[in-house]
Amino acid sequence: MTGRGGAVERSPRGMGSGGDQWARPAYTRVSRLRGPLLAVPGAEEVGWDEFADIRLGSGEARHGLVLDTARDRVLVQVLEGTGGMRFEGTRITFSGTPLRVPVGTSWLGRVCDGLGNPLDGGPPVLGVADAPAAGVPLNPVHREPPAEPILTGVSAIDALTTLARGQKLPIFSRAGLPHLELAAQIAAQASAGDEPFCVVFAAMGLTHADAAAVRDTLEDRSAAGDLVLLLNLADAPVIERILTPRIALTVAEHLAFEEGRHVLVVMGDMTAYCEALREVSAARGEIPARRAYPGYLYSDLASLYERCGRIRGRPGSVTLVPVLTMPGGDITHPVPDLTGYITEGQIVLSENLHAAGVYPPVDALESLSRLMRKATGPARTRADHPDVAAQALAALSRARRAHELGELVGPAALSETDRRHLEFERVYREVLVSQGAAEYRPLEETLDRAWRALAVLPRRELTMLPAALIEAHLSEDR
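If you're wondering where the values come from, they're calculated on a predicted model, not measured in any experiment.

Q: Tell me what's going on with unusual backbone geometry, and back it up with residues and numbers.
A: The bulk of non-glycine residues show a negative phi, and the bulk of peptide bonds are trans. Between G268 and the following residue, D269, the backbone shows a cis peptide bond with an omega angle of 10°. On the secondary structure map, D269 appears in the loop between β18 (262-268) and α6 (270-284). Here the amide bond leading from Y359 into P360 is cis, since omega sits at -5°, within 30 degrees of zero. With a phi close to 55°, R291 is a non-glycine residue in the positive phi region. Tracing the sequence through the fold places R291 in the loop between α6 and α7 (297-305). Looking at R291, the relative accessible area reads 46%, which means it is partly exposed. Even without glycine at this site, A292 takes up a positive phi of about 70°. The exposure class of A292 is partly exposed, given its relative accessible area of 39%.

Q: So what about the pairing of β18? Which residues, and what values?
A: Most of β18 sits inside the fold, with seven of its seven residues counted as buried. Covered by surrounding structure in β18 are H262, L264, V266 and G268 together with V263, V265 and M267, the residues of both alternating faces. Both strand β16 (residues 197-206) and β18 contribute to a ladder of seven bridges, which runs parallel. Counted as the bridge partner of V200 is V265 from β18. In the sheet, β18 pairs with strand β20 (residues 317-325) via seven bridges, with the strands oriented parallel.

Q: So what about the side chain of H179? Which residues, and what values?
A: Relative to the helices and strands, H179 resides in helix α2 (residues 179-189). Sequence-distant contacts of H179, that is, excluding residues within four places in its chain, are made with S173, R174, V323, T325 and L349.

Q: How would you explain the environment of L462 if you had to name every residue and give the values?
A: Along the chain, L462 falls in the loop between α13 (443-454) and α14 (467-474). Taking relative accessible area as the criterion, L462 reaches 4% and is therefore assigned buried. Separated by 383 residues in the primary sequence, L462 and L79 have C-alpha atoms spaced 58 Å apart. Beyond its immediate stretch of four places on either side in the chain, L462 contacts Q391, L454, L457, I470 and L474.

Q: Now, about the packing of helix α11 (residues 385-409) against helix α12 (residues 416-433): what can you tell me, with residues and values included?
A: Two elements in contact, α11 and α12, have axes whose closest approach is 8 Å; the angle formed by their N-to-C orientations is 120°. Considering only the axes of α11 and α12, their crossing is left-handed. Contacts between α11 and α12 involve A392, A395, L396, R398, A399, A402, H403 and L405 from the first element and T417, D418, H421, L422, F424, E425 and Y428 from the second. Considering only residue class, the contact of α11 with α12 consists of nine nonpolar, three polar and three charged.

Q: Describe the packing of aromatic side chains, naming the residues involved and giving the relevant values.
A: Any pair of aromatic rings gets described here by the distance separating the centres and the angle formed by the planes. Scanning all chains against the criterion turns up two aromatic pairs. Relative to F94, the ring of Y27 lies with its centre 6.0 Å away and its plane at 55°, an arrangement referred to as tilted. Remark: F94 occurs in strand β9 (residues 91-98) and Y27 occurs in strand β3 (residues 24-27); sequence separation between them is 67 residues. With a relative accessible area of 4%, Y27 lands in the buried category. A relative accessible area of 2% means that F94 is categorised as buried. Taking the ring centre of Y293 as reference, the NZ or CZ of R278 above it sits at 4.3 Å.

Quick notes on the rules
Residues numbered from 1 in each chain as written. Predicted model: local features only at pLDDT ≥ 70, side-chain atom pairs only at ≥ 80, totals over all residues. Heavy atoms only, no water. Helix = DSSP H or I, 4+ residues; strand = E, 2+ residues; numbered from the N terminus. Buried < 20%, exposed > 50% of the residue type's maximum accessible area, 1.4 Å probe, protein only. Pairing = 2+ DSSP bridges. Contact = heavy atoms within 4.5 Å. Axes fitted to C-alpha atoms, helices over the stretch in contact; angles between N-to-C directions. Left-handed = near helix turned anticlockwise from the far one by under 90°. Nonpolar A, V, L, I, M, F, W, Y, C, P; charged D, E, K, R; others polar. Phe/Tyr/Trp six-rings, centres within 6.5 Å; stacked < 30°, edge-to-face > 60°. Lys NZ or Arg CZ within 6 Å of the ring centre and 35° of its normal.

So, in structure tokens, the structure goes:
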């Protein structure tokens, strides 16, 4: 068979495609190599997002995905990059189906690169089935509202920005802050009570040192068979970074909705992911939008974030914690800005707290979990949890106003009540927030620490706490 773009021969399909492996033609003409992109003229009956098997003249095998089929040519993004490729001797076979990945419990306990290739010295991951890496967002009609907590063992999160099962709650950070350490600690310590639970950690754009630190932190969870770890390194091809979160979510969806587990997916750095999208968009010659990011950045992020949740009638859930750095600390930057539109709150890390030596440097007044009320309270966490959180936030807000007033009139001019709120803020940081990077705190201890901080305030200032709770927790006997 001969295509309009050059010689065509029969060739086996590539990995992850399935189907009849000798049914598709191979194209041997390439008209363009630019960045991670390869153009094949005259390819017929090829659709978007098809998986492609690429064979170089040297015999080396590479793989790709179809980005575009316009203008009588097919544009392929090469997963391993186009470095070392030549126009002559390259043979491309299109599978007729999107990229598919194996799914199942065989992923648990494995450490792989961003494409799912083993990094732990084990065999390739094989699954009971396969599923398209692109996935689909959950149908809103079948969504079950989040109503139970996932406890991270981190007091600053569990007490004031509680994470609900099925929620998407990002971590907003700045360069130089310990967001990666916090993400790894959450992945290492999180649990869903006594119910089946596991973690999928998708790291993107890491240095080798950071990747080693993440592996060390998560070693125990991986050894227990409760973790899937995908590590995309900064020196890996840019296309791998775009596929890493999709593969992670595909694996998580099967573990949740077919195996009945509650799955926490931690993905970071999403800013590195968006930079990869921008690089591919520029190579395609697309018209840029804000800050040169592609105009479809919002819908692309939504296609990832909306894959989490709970399905009515099924026991499992997918909970998502994306981690992203705000360039220049700008929360209006396109990546955090668009992420905020899609997700249900945010956890914001503070430079001031980090400079003061507080870990984790979570700014409670900037942070918010919109689904916290649904995941806390009697039969979920503890009966006093919502009221304690509300009172602590109110006291922190009063303390911030006292700081601002003190800068204007001087600390000596502050009222006794203002000084007590400033003292509460100090105790809050030292007793409740400050925590070791490997320290796990049960929720009971976290809430008891919150009461110790609130005990600094005069009783008349505890207006958001019922009298019965105050008497039970702040009586002279206690």
